[in-house]
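The primary structure of each chain is shown beneath.
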Amino acid sequence: MSDKPTESEKLNIFGQRIKAWLLLAIGLGLIWVMAFAALPLGQRLPAVGPVMDAIERADIDAGTYWYTQSEETARAQMFIRNAIRRYE
Amino acid sequence: MAPVQSPAIPSGATLESSPDVVIDKQKWEWSELYKKEDWWAIWLGFLLIIVGMLIFLPRPPADMAENLAKADAVLQAEDARAPFRTVEWHKANDAKGGLRATNEPYAKTISKWLQKPDRWSSNPAESLYLSEAAAAARRAKAEPAYKEAQEATKAALTRAEAAQALAAAAFFQDAQLNAAAEQNIAEWRQLREKERGSVRAKATVQAYNKIPYHIGLLILTGLFFTIGILFLKIDTTKFWKGFWFLFLIAVVAMIIGNQETMRKYGFGDVLWAIVLGMLISNTVGAPKFVKEALQTEYFIKTGLVLLGAEILFSKIVAIGVPGIFVAWVVTPIVLVATYAFGQRILKMESKTLNITVSADMCVCGVSAAIATASACRAKKEELTIAVGMSMLFTAVMMIALPTFIVSIGMHPVLGGAWIGGTIDSTGAVVAAGAFLGETGMFVAATIKMIQNVMIGVIAFGVAVYWCARVECAPGQMVSKMEIWYRFPKFVLGFIAASIVISIMYSAMGSAGEVMIEHGFIRGLTRDARDWFFALAFASIGLSSNFRELAHHFKGGKPVILYVCGQSLNLILTLTMAYIMFFLVFPAITAGL
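Because the structure is predicted, anything quoted here is derived from the model rather than measured.

### Thoughts on the overall build of chain B
Next, step 1: Across its full length, chain B carries 25 helices and 2 strands.
Next, step 2: In terms of C-alpha radius of gyration, chain B reaches 25 Å, essentially the compact-globule figure of 25 Å for 592 residues.
Next, step 3: Across the 592 residues of chain B, 58% fall into the buried class.
Next, step 4: In chain B, the share of contacts with a sequence separation of at least 24, taken over all contacts with a separation of at least 6, comes to 79%.
Next, step 5: Looking at chain B as shown, the accessible area adds up to about 23100 Å², and 65% of this sits on carbon and sulfur atoms.
Next, step 6: In chain B, 54 positive and 46 negative side-chain charges are present, and the distance between their average locations comes to 5 Å.

If you want it as structure tokens, here you go:
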């Protein structure tokens, strides 16, 4: 018996590949929807909008996960250290 | 020595045979020093730290010592002169904060090579390339608003100086004049903050082309890791064949994370590196040629050694005793309680998932998850769950918590401490704090920074606890040598980096701030660490599958654990912050 895939098997593999690429495209599309539709829409909610405006005004990167990535942490630390000195 | 059966490993498997965990052999061999990735993480991490020191430490900003002394003298004199922070006090504070080795030309050159893709709003290409014409157009558009903001700040400063002069004429003895001066100074500071925000960023944008720098960084990073690869029995050619692809995923993840809306919600590159990797591996499949480059543990451990250098222990006193109680007393209590809840009430199947979620929820999100997961050798999927949940809950809390605080009129110091002690990631803490105003933001950011420092202790504690108690049969006593054999050695590098740099930082006084934190840390090792973690998470994504992830999520237990732990965290942090800032140290609160 030959190991070569039959025509229907070839078609099946091709179909699976198409499906995989389609799923990848859908996944990437969902990221696009999130960035350009869902999250901006969320900003219109009364509870979300004001916080987002404050973030935008202060130009904060909310995605940083460690204190050295944040410029504000350095300013906060300098201010507080100098401010509480008179109470120590 | 026979491998140890672990309760954390599926029945029938042994630690050494489990493919998803990295394990040291249960005996010591000197050759481990160059055969194990744990040690290579230490050598490479320290190599980068030493290179950073050699570049930065001999090149301080001009007249650094004199300028620091001058600023300190003004701060001290103004503290003695007036009962409030004067205009001169603020100027001296700004001048001191502006002294940074990272502002020097050589540091800016280094930064150019290590920079991430830029922010963008609708055109992703702008994260890598911005033409001079486009930059000029943006500057021209933003200039009127910037000029207006500058004028407003200038006028506010004039008013503040006039009000202060009146208060000074009365020798700062007139409460009404003092209050008026304080009010005017606060308004000046507020307008100055506004001027420094997004308005200035838009008005000062410069043209850039990051592509050559990213290609250069790809080569440099690849060569850097190849040093260890040569000894780790990994095929160097195959590593390079896949490394460029991994680097590309990391760059794309950074581009997505820097989209303006994603950035505002706090969905950073770490999340997108995992998501992109998983999307590829679970649809079209990760390319075969990338397999040898997926050295997750190697990247993550090297990054963690660099992170150790950023854990500066003297920072825990940044806001005095109240900060220590809020960040260093509540956090371990919540960690232990959440872990115990997960084991005894929720009956979590995996102890490593339990501790990783508990640590990321109560300490500092992504960074704590990375450090704890590596210390207890959690599975990649478990780290993915912890990071994903942390980012989602952080986005919700970043909006809900400050909204609640403002709506009930909570004091900004209390609100700031509450935010700093409970919201996971630094960026979200700063963002939520900003909604409360400058004081709230400063307190929140400082509390979070103090809590960040705690992950050094927690990672070490978890590593020891896992070796001594978890990875052994019930009732089995483990000898000290056995603990040493099993101990994840990279944790030693992580702790050693923290201790060495902390000692240097403290010994250098104010110069430590300029030359260490705002020198080789923020100027070199931090950016390198960022890239290493992005590579690690892209690597995790490319080697994970949805089915395995779903298995760990069974019954929604990680979510229940997170929600219950965070609820306890919210209650305890608020209680402790109130006791410390309002009952025990009200003078500090009044002074902020």
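From this point on, the discussion continues.
### Some thoughts on the interface of chain A and chain B
Next, step 1: Counting residues at the interface gives 53 residues for chain A and 90 residues for chain B.
Next, step 2: Buried area between chain A and chain B, both sides added, is near 6400 Å², and the carbon and sulfur share of it is 64%.
Next, step 3: The largest per-residue losses of area from chain A upon contact with chain B belong to Tyr65(A), Trp66(A) and Tyr67(A), which jointly make up 14% of the total buried on that side.
Next, step 4: The tally of links from chain A across to chain B stands at 6 salt bridges.
Next, step 5: A salt bridge links Asp59(A) to Arg119(B), with the shortest nitrogen-to-oxygen separation between them at 2.7 Å.
Next, step 6: Here chain A and chain B share 30 residue pairs in polar contact (both at pLDDT 80 or more) between them.
Next, step 7: The residue makeup of the side of chain A that touches chain B, split by class, is 32 nonpolar, 11 polar and 10 charged.

### Things to note about the nonpolar core
Residue and element names in this part refer to chain B.
Next, step 1: Counting 196 residues, the largest nonpolar core has Phe225, Ile419, Ile455, Ile501, Phe537 and Leu592 as its most contacted members.
Next, step 2: Every residue in contact with phenylalanine 225, bar those within four places of it in the chain, is listed here: Leu44, Phe239, Tyr298, Phe299, Thr302, Phe532 and Leu535.
Next, step 3: One finds Leu157, Ala160, Ala167 and Trp188 within the second-largest nonpolar core, a separate group that totals 12 residues.

### Thoughts on the pattern of salt bridges
Where charged atoms from two side chains of opposite charge come close, those side chains can pair.
Residue and element names in this part refer to chain A.
Next, step 1: If you walk through the whole model with that rule in mind, you get 28 salt bridges over all chains.
Next, step 2: A salt bridge links glutamate 7 to lysine 10; its shortest N-O distance comes to 3.8 Å. One end of the pair is glutamate 7 and the other is lysine 10, both in helix α1 (residues 7–42) and 3 residues apart, which spans about a single turn.
Next, step 3: Lysine 10 gets classed as partly exposed once you look at its relative accessible area, which sits at 45%.

### Side note on helix α14 (residues 351–364) of chain B
Residue and element names in this part refer to chain B.
Next, step 1: Taking 1.5 Å of rise per residue, the 14 residues of α14 would be expected to cover 20 Å, and the 19 Å separating its terminal C-alpha atoms lies within 8% of that figure.
Next, step 2: When you tally the buried positions in α14, you get 13 out of 14 residues, the bulk of the element.
Next, step 3: Taken from the residues just after α14, glycine 365 is the one with a positive phi, measuring 65°.

### Brief notes about unusual backbone geometry
Next, step 1: A positive phi is found at Asp59(A), a non-glycine position, where the angle reads about 55°.
Next, step 2: If you trace the backbone, Asp59(A) turns up in the loop between α2 (49–58) and α3 (71–83).
Next, step 3: By relative accessible area, which is 18% here, Asp59(A) ends up buried.
Next, step 4: Although it is not a glycine, Asp63(B) sits at a positive phi angle of roughly 55°.
Next, step 5: Secondary-structure assignment places Asp63(B) in the loop between α2 (37–56) and α3 (64–81).

### Side note on the domain arrangement of chain B
Residue and element names in this part refer to chain B.
Next, step 1: When cut into domains, chain B gives domain 1 (34–58 + 211–591) and domain 2 (64–103 + 132–207).
Next, step 2: Summarising the inter-unit geometry, the C-alpha centres of domain 1 and domain 2 are found 34 Å apart.
Next, step 3: Facing 11 residues of domain 1, the contacting portion of domain 2 comprises 11 residues.
Next, step 4: Carbon and sulfur atoms supply 63% of the area that domain 1 and domain 2 bury against each other, a total of about 900 Å² over both sides.
Next, step 5: Of all residues in domain 1, Glu438, Val514 and His518 bury the most surface against domain 2, accounting for 53% of the area lost on that side.
Next, step 6: Along the contact surface separating domain 1 from domain 2 lie 0 salt bridges.
Next, step 7: Counting every contact that joins domain 1 to domain 2 gives 4 residue pairs in polar contact (both at pLDDT 80 or more).
Next, step 8: If one sorts the elements of the side of domain 1 that touches domain 2 by residue count, helix α22 (residues 510–542) sits on top with 8 residues.
Next, step 9: Class assignment for the residues of the side of domain 1 that touches domain 2 results in 4 nonpolar, 5 polar and 2 charged.

### Notes on the domain arrangement of chain A
Next, step 1: Once the domains are mapped, chain A shows domain 1 (1–42) and domain 2 (49–88).
Next, step 2: On a C-alpha basis, the centroid separation for the pair domain 1 of chain A and domain 2 of chain A is 43 Å.

### Some thoughts on the environment of Ile405(B)
Residues and elements named next belong to chain B.
Next, step 1: Positionally, isoleucine 405 belongs in helix α16 (residues 380–407).
Next, step 2: C-alpha separation for the pair isoleucine 405 and valine 74, spaced 331 residues apart in sequence, amounts to 35 Å.
Next, step 3: Those residues in contact with isoleucine 405 that sit more than four places away from it in its chain are Met410, Gly415, Trp418, Ile419 and Leu436.

### Regarding the packing of helix α13 (residues 320–345) of chain B against α14(B)
Residues and elements named next belong to chain B.
Next, step 1: Contact geometry of α13 with α14 gives a least axis separation of 9 Å together with a crossing angle of 150°. As far as their axial angle goes, α14 and α13 are roughly antiparallel. Judged by the sense of rotation from one axis to the other, the crossing of α13 with α14 is right-handed. On α14, the residues touching Thr331, Val334, Leu335, Thr338, Tyr339, Gly342 and Gln343 of α13 are Lys351, Asn354, Ile355, Ser358, Ala359, Met361, Cys362 and Val363.
Next, step 2: Classifying every residue of the contact of α13 with α14 by side-chain character gives 8 nonpolar, 6 polar and 1 charged.

### Overview of the packing of aromatic side chains
Residues and elements named next belong to chain B.
Next, step 1: Counted by the stated rule, this structure contains 33 aromatic pairs over all chains.
Next, step 2: Centroid distance phenylalanine 225 to phenylalanine 532: 4.8 Å. Interplanar angle 65°. Geometry classified as edge-to-face. Separated by 307 residues along the polypeptide, phenylalanine 225 in helix α8 (residues 211–229) and phenylalanine 532 in helix α22 bring together distant segments of the chain. The residues phenylalanine 225 and phenylalanine 532 share a single accessibility class, namely buried.
Next, step 3: Arranged with centres 5.9 Å apart and planes meeting at 10°, the rings of tryptophan 244 and phenylalanine 289 form a pair that is stacked. With a gap of 45 residues between them, tryptophan 244 in helix α9 (residues 236–257) and phenylalanine 289 in the loop between α11 (269–282) and α12 (296–308) connect regions that are remote in the sequence.
Next, step 4: A relative accessible area of 36% places phenylalanine 289 in the partly exposed class.
Next, step 5: In textbook terms, an aromatic cluster arises when at least three aromatic residues are bridged by ring pairs, as seen for Phe224, Phe225, Phe239, Trp240, Phe243, Phe247, Tyr298, Phe299, Trp531 and Phe532.
Next, step 6: For arginine 189, the ring lying beneath its charged end belongs to tryptophan 188, and the centroid distance is 4.9 Å.
Next, step 7: We note lysine 210 situated over the ring of tyrosine 208; from NZ or CZ to the ring centre the distance is 5.1 Å.

Definitions and limits used
Residues numbered from 1 in each chain as written. Chains lettered and ligands numbered in written order. Predicted model: local features only at pLDDT ≥ 70, side-chain atom pairs only at ≥ 80, totals over all residues. Heavy atoms only, no water. Helix = DSSP H or I, 4+ residues; strand = E, 2+ residues; numbered from the N terminus. Rg over C-alpha atoms; globule rule 2.2 N^0.38 Å. Buried < 20%, exposed > 50% of the residue type's maximum accessible area, 1.4 Å probe, protein only. Contact = heavy atoms within 4.5 Å. Areas by Shrake-Rupley, 256 points an atom, 1.4 Å probe, with all protein chains shown as cover. Lys, Arg positive; Asp, Glu negative; His and termini not counted. Charge placed at Lys NZ, Arg CZ, Asp CG, Glu CD. Buried area = accessible area lost by both parts, 1.4 Å probe. Salt bridge = Lys/Arg side-chain N within 4 Å of Asp/Glu carboxyl O. Polar contact = N/O pair within 3.5 Å; in protein donor to acceptor, adjacent residues only side chain to side chain. Nonpolar A, V, L, I, M, F, W, Y, C, P; charged D, E, K, R; others polar. Core = buried A, V, L, I, M, F, W, Y, C linked by side-chain atoms within 4.5 Å. Expected span 1.5 Å × (residues − 1). Domains from an automatic or database assignment. Axes fitted to C-alpha atoms, helices over the stretch in contact; angles between N-to-C directions. Parallel < 35°, antiparallel > 145°, perpendicular 65-115°, else oblique. Left-handed = near helix turned anticlockwise from the far one by under 90°. Phe/Tyr/Trp six-rings, centres within 6.5 Å; stacked < 30°, edge-to-face > 60°. Lys NZ or Arg CZ within 6 Å of the ring centre and 35° of its normal.

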